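# Fold and geometry: a report
As a plain string of letters, each chain reads:
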Amino acid sequence: MTIFDAIQQSQTLLDQISSHQQINNDVELTSLTSALSSELDTINAFAKDLNSQPEPARTTKADSPHIDEKSGCYKFDNEQGFFCPNCYDQSSSRVATKRLNRLLRVCPNCRASIKPTA
């Protein structure tokens, strides 16, 4: 069942309630059913508007990491620094690594030692 089906079913039930003789005889109930009907129309229009909007891309090319062969760490196009591949692969956390010497970097979060891939 989609949201549109639920809205349609709610409008059908409201129409059935609105056509009942006791509702028609009571001015307050008639105004409440009219208000509910207009609210359902507003919800339906809002749902159609949300449905027509394109979904944002979950992962863009700029957000995806690439391995820097000289360090063995992940690099991102939109950020500076070298990031722990272990932390990013495990929990999508961007943890900047610290350089110990020219061949070794360490992650302050998971304590992984990261060596160059080349």
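All values reported here derive from a predicted model rather than from experimental measurement. (Residues numbered from 1 in each chain as written. Predicted model: local features only at pLDDT ≥ 70, side-chain atom pairs only at ≥ 80, totals over all residues. Heavy atoms only, no water.)

### As for the confidence of the model for the chain
- Overall, the prediction assigns the chain a mean pLDDT of 87, with 92% of residues at 70 or greater.
- Per-element mean pLDDT across the chain ranges from 88 in helix H2 (residues 21-25) up to 95 in strand E4 (residues 105-106). (pLDDT = per-residue confidence, 0-100. Helix = DSSP H or I, 4+ residues; strand = E, 2+ residues; numbered from the N terminus.)

### Considerations on helix H1 (residues 3-18)
- Taking 1.5 Å as the rise per residue, H1 with 16 residues should run 22 Å; its terminal C-alpha atoms sit 22 Å apart, in good agreement.
- Looking at H1, one finds that the buried residues are Ile7, Gln11 and Leu14. Down the axis, H1 shows its buried residues gathered within 65° of arc, on one side only.
- Taken together, the buried residues of H1 touch helix H3 (27-52). (Expected span 1.5 Å × (residues − 1). Buried < 20%, exposed > 50% of the residue type's maximum accessible area, 1.4 Å probe, protein only. Arc of directions from axis to C-beta. Contact = heavy atoms within 4.5 Å.)

### Description of the pattern of salt bridges
- With the rule as written, the count across this model stands at 1 salt bridge.
- With a shortest N-O distance of 2.3 Å, Arg94 and Glu79 are connected by a salt bridge. Of this pair, Arg94 sits in the loop between helix H4 (85-91) and strand E3 (98-99) while Glu79 sits in the loop between strand E2 (74-75) and H4, and the two are 15 residues apart along the sequence.
- We classify Arg94 as partly exposed; its relative accessible area is 30%.
- Of the residues examined, Glu79 reaches a relative accessible area of 31% and is grouped as partly exposed. (Salt bridge = Lys/Arg side-chain N within 4 Å of Asp/Glu carboxyl O.)

### Describing the nonpolar core
- Core analysis: the largest hydrophobic core is formed by 6 residues, namely Cys73, Cys84, Cys87, Val95, Cys107 and Ile114.
- Here Cys84 is in contact with Tyr74, Val95, Thr97, Cys107, Cys110 and Ile114, once residues within four sequence places are set aside. (Core = buried A, V, L, I, M, F, W, Y, C linked by side-chain atoms within 4.5 Å.)

### Section: the packing of aromatic side chains
- Throughout the structure, instances matching the rule amount to 3 aromatic pairs.
- Plain terms: the ring middles of Phe76 and Tyr88 are 5.3 Å apart, the flat faces sit at 65° to each other, and that makes the pair edge-to-face. Placement of the pair is Phe76 in the loop between E2 and H4 and Tyr88 in helix H4, with a sequence separation of 12 residues.
- By relative accessible area, which is 2% here, Phe76 ends up buried.
- Within the aromatic cluster, the residues linked to one another by ring pairs are Tyr74, Phe76, Phe83 and Tyr88.
- Over the face of the ring belonging to Phe82 we find Lys75, whose NZ or CZ atom lies 4.6 Å from the ring centre.
- One Lys or Arg, Arg94, reaches over the ring of Phe76 and ends 3.8 Å from the middle of that ring. (Phe/Tyr/Trp six-rings, centres within 6.5 Å; stacked < 30°, edge-to-face > 60°. Lys NZ or Arg CZ within 6 Å of the ring centre and 35° of its normal.)

### Section: unusual backbone geometry
- In this structure, Ser92 takes a positive phi of about 60° despite not being glycine.
- Mapped onto the elements of the fold, Ser92 is located in the loop between H4 and E3.
- The phi dihedral of Arg111 falls on the positive side, at around 65°, and the residue is not glycine.
- Inspection of the secondary structure assignment puts Arg111 in the loop between E4 and strand E5 (113-114).
- Using a relative accessible area of 63% as the deciding quantity, one classes Arg111 as exposed.

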